[in-house]
Amino acid sequence: MSGGTLHELFEDRVRTGPDRTAVITDRIRLSYRLLDARANRVARHLIETVRLPAGGLVAIRTLRQPDALVAVLGVLKAGGSYAVVGPDRPEPVALAEAKAVISHRRHLGRVEGGDRPVILLDGDAAGIEAHSTDPLRPARPSGARAAVLLTAGTTGPPRPVATSHHRLVAAYASWSEVFRLVPDDRVLVTAPADTTDFTAGWIRTLCSGATLVLTRREPYTVADTDPATATALIDGAGPPPALRLLAVGGERLRLDEQVRLERSLPPGTRVIQVYGPTEVAGCGTWFETGQLPGPVDDPARHAYLGVPFPGCDAQIRKGRIWLTPPEGGDAVLTGDLGRRDGTGPLEFRGRAAHRVRVQGRTVDTYRIEAALTAHPRIRESVVGQDGGALIAYVLPDSGSPPGKEGVRRHLTGDVPTADIPAVVVPISTLPRNDAGKVDRGKLIRPPVRPTSLPPGKGGGGFSDPADMAGVAAMAFLLATVLSLVLTDSIWPGSTDLSIVPNPWATLFRGLYVVESVAFGVGVAFLVGGRPLMSSRGKPRGLTSAAHLAIGWLLVSWWPQDNFYRLAAKQDWERQAALVYSFNVPLMIAAMVVVLWAVWGGWSTGAEDRK
């Protein structure tokens, strides 16, 4: 094999098996010869029409997988680099450098071309077909950029990651030793075209001379998918009799799930779990149960990442997982947590970004989730926080899941008392993104929120947010009205404007109303503002101080201004008393609020960022 660049690996397979089927969908079949010819035409169109410079980035805005493959190979053959972004997604800022956009007519209204030429694979088909199918040989070193891949976006907006030919070619060499694909394999890949999993899938398949299957209606010998889809494939129509390998990526498989899949498949079928973030082109570690030195107690509590792919490396540094890319170079911090016992396989221990702050402390939600999934009636669980307390979302294994008390009994003695979720929310399904990973941001918040500390920390009980809002509204109205009515009774003459001419008298009356409203807002915040502040996960003492400080900043305007209006300018004793009673506390209160507002950046640091 020549193998200097990614498309050269593909072209090697075109030469050795041009008539083999490269791609199968519900509607079309493409041979290696035809796929290569279409890609050559797109490459010439980019060079001759767009004047694509060497290394120029092209944004591919379509999810039609065969067309996306033609576009990807065409860009690489033209000496450029590509980024596949779904037409319904906003274009990342990093893609502003793209020299051209490839899409379809139906996406034209959603694709931002700007000053860049937009090539429509259907609208410009005649012009593309007019180009020669002869191969191109642009000079492109293997270290040049081949693609800009997007992260899954589970802990924030998807981030672009530049990836070189050298890294992708090295990743293919690593994958090939573990997957051991042969030209007779038919590989089902279920990931969308704009994911790293799809990029890894088509590289593994087409660079091995195998057939890329993009429909579940066709037979396949290898399935390359995510855990949820793998379970659906096996539990639905059942595995095809010729299945020899099930490769699972994306979300982590628990050990009990992996064992269940193995037992559900034909004898001799391998089940491997593939782990690797976008930063290492999806090539990091792999795991199959044979790597374990012996039986594992309570397999529902464990998820293994296994051993590094050939040429890669995996290290644990202070509990964090670092991966060395397949071609070598600097290790990459993944944002995942792990551990390894001796020389055994690497074990997954959650994501740093999924930890939550509750009452000023960091909670390891993965530990709670692992304990929950060990319950016989819970299949999956996700733990988060809302309103200052932990919430467990539980997907039942069969029937109804345990309630709050059942969860408490199950977790007692297994996790710290303070880490037992105060709210249990049964769910019928977990929201997932295109990569098959749980999208925690789309979990529906429960209709109740805590108004005090979680059980085990003193206090307990919950109130409906609507009830709390109603109490705060009543407090606001009552305090505002009373302040307006009682001002002259408490401070006689403080609002007397009989000698003040207009428009100044009107302005002062408006000021008196604003002071009373501020007083009402302050009272309402004192009554109902604490749960809102507690939900930010700041230290309890600081939150209490900030809650009172904000209340003081609002409440004090009404008495302060009235006292000042009745104090003579030369009454130094009263003036000093007012300054120390109101102005100094106002400055202290402001400093407390600022400290509370910035506390999260100091206390969590890099621990909660990816």
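Below, the structure is looked at part by part. Every value quoted in this text rests on a predicted model; they were computed, and no experiment measured them.

Cut-offs applied
Residues numbered from 1 in each chain as written. Predicted model: local features only at pLDDT ≥ 70, side-chain atom pairs only at ≥ 80, totals over all residues. Heavy atoms only, no water. Buried < 20%, exposed > 50% of the residue type's maximum accessible area, 1.4 Å probe, protein only. Helix = DSSP H or I, 4+ residues; strand = E, 2+ residues; numbered from the N terminus. Arc of directions from axis to C-beta. Contact = heavy atoms within 4.5 Å. Core = buried A, V, L, I, M, F, W, Y, C linked by side-chain atoms within 4.5 Å. Pairing = 2+ DSSP bridges. Axes fitted to C-alpha atoms, helices over the stretch in contact; angles between N-to-C directions. Disulfide = S-S within 2.5 Å. Parallel < 35°, antiparallel > 145°, perpendicular 65-115°, else oblique. Left-handed = near helix turned anticlockwise from the far one by under 90°. Nonpolar A, V, L, I, M, F, W, Y, C, P; charged D, E, K, R; others polar.

**Some words on helix 8 (residues 255-264)**
Item 1. For helix 8, the complete set of buried residues consists of Leu-255, Glu-257, Gln-258 and Leu-261. Summarising the axial view, the buried residues of helix 8 lie within an arc of 160°, below the 170-degree limit, and thus occupy one face.
Item 2. Buried residues belonging to helix 8 abut helix 7 (227-235), strand 12 (245-248), strand 13 (270-275), strand 14 (285-287) and strand 15 (304-308).

**Brief notes about the nonpolar core**
In a soluble, globular protein the nonpolar side chains are often hidden away together inside.
Item 1. If you look at the biggest cluster of nonpolar residues, it comprises 68 residues, and the most contacted ones within it are Leu-46, Ile-102, Phe-179 and Trp-202.
Item 2. For this core, the element with the highest residue contribution is helix 3 (residues 65-77), accounting for eight residues.
Item 3. If sequence neighbours within four positions are ignored, Phe-179 has contacts with Arg-204, Asp-224, Arg-244, Leu-245, Ala-247, Arg-270, Ile-272, Val-274 and Phe-309.
Item 4. By size, the runner-up hydrophobic cluster in this structure holds 16 residues, among which are Ile-368, Val-383, Leu-390 and Val-415.

**Observations regarding the environment of Ala-170**
Item 1. Tracing the backbone through its elements, the reader meets Ala-170 in helix 5 (residues 165-179).
Item 2. Residue classification places Ala-170 among the buried positions, given a relative accessible area of 14%.
Item 3. Note: C-alpha distance between Ala-170 and Leu-6 (164 residues apart in sequence) is 9.6 Å.

**Section: the sheet that holds strand 23 (residues 389-396)**
Item 1. The strand order across the open sheet formed by three strands is 22-23-24, and the pairing between neighbours is mixed. At either end of the open sheet lies a strand with only one pairing partner, and these are strand 22 (378-386) and strand 24 (423-426). Within this sheet the neighbouring strands show an average axis-to-axis angle of 25°, counted without direction.
Item 2. Looking at chain direction, strand 22 and strand 23 are connected through eight bridges and run antiparallel.

**Focus on the state of the cysteines**
Item 1. Overall, the coordinates contain zero disulfides when judged by the stated rule.
Item 2. Its sulfur unpaired, Cys-207 is 13 Å from the next cysteine sulfur, which belongs to Cys-283.
Item 3. Assessed through its relative accessible area of 0%, Cys-207 is described here as buried.
Item 4. Unpaired in this structure, Cys-283 has its nearest cysteine sulfur neighbour in Cys-312, at a distance of 3.8 Å.

**Remarks on the packing of helix 5 against helix 6 (residues 196-206)**
Item 1. Relative orientation of the contacting elements helix 5 and helix 6 amounts to 70°, with a least axis distance of 10 Å. When the axis of helix 5 is compared with that of helix 6, the two are roughly perpendicular. With respect to the hand of their crossing, helix 5 and helix 6 are arranged in right-handed fashion. Every residue of helix 6 that contacts helix 5 at Leu-168, Tyr-172, Trp-175 and Phe-179 is listed here: Ala-200, Ile-203 and Arg-204.
Item 2. Class assignment of the residues belonging to the contact of helix 5 with helix 6 gives a composition of six nonpolar, no polar and one charged.

**Here we look at the environment of Gly-406**
Item 1. Among the secondary structure elements, Gly-406 is positioned in helix 10 (residues 404-411).
Item 2. Residue Gly-406 is classed as buried on the basis of its relative accessible area of 15%.
Item 3. A C-alpha to C-alpha distance of 9.8 Å links Gly-406 and Val-424, two positions 18 residues apart in sequence.

**Here we look at the packing of helix 2 (residues 32-50) against helix 3**
Item 1. Running from N to C, helix 2 and helix 3 point in directions that differ by 55°, and their axes come no closer than 7 Å. Put simply, helix 2 runs oblique to helix 3. Considering the relative orientation of helix 2 and helix 3, their crossing is right-handed. Of helix 3, the residues touching helix 2 (which contributes Leu-35, Asp-36, Arg-38, Ala-39, Asn-40, Val-42, Ala-43 and Leu-46) are Val-70, Leu-73, Gly-74, Val-75 and Lys-77.
Item 2. In terms of residue class, the contact of helix 2 with helix 3 is made up of eight nonpolar, two polar and three charged.

**Here's the deal with the side chain of Glu-369**
Item 1. With respect to the secondary-structure elements, Glu-369 resides in helix 9 (residues 365-373).
Item 2. Leaving out residues up to four positions away in the same chain, Glu-369 has contacts with Ser-381, Val-382, Val-383 and Arg-440.

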